[in-house]
Amino acid sequence: VEPAHVARVNWAVAYDKDYRNADLAVNVTAANAQAAAAADGKLGVRLIDPAGKVVKTETAAVALAPWEEKTVPLRIHVENPEPWTAERPRLYTLDIALNGAAVESPVGFRQMEVRGNRFTINGRGAKLFGICLHCTDPVDGRAIPPALVEKDLSLIKGCNLNAIRTSHYPPHPHTPEYADRVG
């Protein structure tokens, strides 16, 4: 890890009232883990669609004092994004670079809301059919390999279930990423 690096990334999607266009709010936390200032930092954010085409690019200058962390908020407006649904989990890629050192984060354009007593995804009603997920294995115990998590989620999806509840222990760190991919 470079002394000046991207420490955390979080994002949220907000659609317009017709669920046609969306704003992607991205918060990038840059950290300087050294005793010298990083005064000339350049933060670059690219949004790449599922086909691999760059949709939007944003840049920001970041100056960090020694041992400082700073959150940089960015807003990316996307015209007519491909929506993420459980049936068609379209994932964009958020490519974030600070002085050339890059990290990636998958992004699904979805807005989940509870309206009255209805749960909606992108404005459409959705029923949740779920199961408890215990990330354990008879052979490996709690130290399960990522491939087993992906297989478990594929089997759950194959049973026409669309929700999981993680119980008792934290899930494998890659569970949300795999869940995004399989829908």
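Keep in mind that this is a model prediction, so the values were computed, not measured.

Conventions adopted
Residues numbered from 1 in each chain as written. Predicted model: local features only at pLDDT ≥ 70, side-chain atom pairs only at ≥ 80, totals over all residues. Heavy atoms only, no water. Helix = DSSP H or I, 4+ residues; strand = E, 2+ residues; numbered from the N terminus. Buried < 20%, exposed > 50% of the residue type's maximum accessible area, 1.4 Å probe, protein only. Contact = heavy atoms within 4.5 Å. Pairing = 2+ DSSP bridges. Salt bridge = Lys/Arg side-chain N within 4 Å of Asp/Glu carboxyl O. Core = buried A, V, L, I, M, F, W, Y, C linked by side-chain atoms within 4.5 Å. Disulfide = S-S within 2.5 Å. Phe/Tyr/Trp six-rings, centres within 6.5 Å; stacked < 30°, edge-to-face > 60°. Lys NZ or Arg CZ within 6 Å of the ring centre and 35° of its normal.

1. Section: the overall build of the protein chain
Then step 1. Looking only at helices and strands, the protein chain features two helices and twelve strands.
Then step 2. Of the regular secondary structure in the protein chain, the N- to C-terminal order runs β-β-β-β-β-β-β-β-β-β-β-α-β-α.
Then step 3. Across its three principal axes, the protein chain shows a C-alpha extent of roughly 55 × 50 × 35 Å.
Then step 4. By the burial criterion, 32% of the 183 residues in the protein chain qualify as buried.
Then step 5. Considering only contacts in the protein chain between residues 6 or more positions apart, those separated by 24 or more positions represent 63%.

2. A closer look at the sheet that holds strand β8 (residues 112-115)
Then step 1. On the basis of which strands lie adjacent, the open sheet formed by three strands has the order β8-β9-β10 and antiparallel pairing. Bordering the open sheet on either side are β8 and β10 (124-125), each of which pairs with just one other strand.
Then step 2. Note that strand β9 (residues 118-121) and β10 share two bridges and pair antiparallel. From the neighbouring strand, Ile121 faces β10, where its bridge partner is Arg124.

3. Some words on the pattern of salt bridges
Then step 1. By the definition in use, this model includes seven salt bridges.
Then step 2. Between Arg115 and Glu113 there is a salt bridge; the shortest N-O distance is 3.1 Å.
Then step 3. Judged by its relative accessible area of 41%, Arg115 falls in the partly exposed class.
Then step 4. Judged by its relative accessible area of 24%, Glu113 falls in the partly exposed class.
Then step 5. Salt bridges sharing partners connect three or more residues here, namely Glu150, Glu177 and Arg181.

4. Details of the nonpolar core
Then step 1. Leu24, Leu43, Val45, Leu47, Ile76, Leu94 and Phe109 are the most contacted members of the largest nonpolar core, which has 26 residues in total.
Then step 2. Residue assignment for this core shows that the elements contributing at least two residues are β1 (4-15), β2 (22-32), β3 (38-48), β4 (54-64), β5 (69-78) and β6 (92-98).
Then step 3. With five residues, β2 is the single largest residue contributor to this core.
Then step 4. With seven residues, the next largest nonpolar core counts Leu133, Cys135, Ile144 and Val149 among its residues.

5. Focus on the state of the cysteines
Then step 1. Applying the stated criterion across every chain yields a total of zero disulfides.
Then step 2. As a non-bridged cysteine, Cys132 has Cys135 as the owner of its nearest cysteine sulfur, 12 Å distant.
Then step 3. No disulfide involves Cys159; its sulfur sits 14 Å from that of Cys132, the nearest cysteine.

6. Overview of the packing of aromatic side chains
Then step 1. Scanning all chains against the criterion turns up two aromatic pairs.
Then step 2. Ring geometry for Tyr15 versus Tyr19: centroids 5.7 Å apart, planes at 45 degrees, classification tilted.
Then step 3. In this structure Tyr15 comes out as buried when scored by relative accessible area, which is 10%.
Then step 4. The partly exposed category is assigned to Tyr19, whose relative accessible area is 21%.
Then step 5. When the ring centre of Trp84 is taken as reference, the NZ or CZ atom of Arg110 above it lies at 4.4 Å.

7. Some words on unusual backbone geometry
Then step 1. One non-glycine residue, Trp67, lies in the positive phi region at around 60 degrees.
Then step 2. For Trp67, a relative accessible area of 59% gives the class exposed.

8. Notes on the side chain of Ser105
Then step 1. In this fold, Ser105 is placed in strand β7 (residues 101-107).
Then step 2. The buried category is assigned to Ser105, whose relative accessible area is 15%.
Then step 3. Once residues lying within four places of it in the same chain are set aside, the contact partners of Ser105 are Trp11, Tyr92, Thr93 and Leu94.

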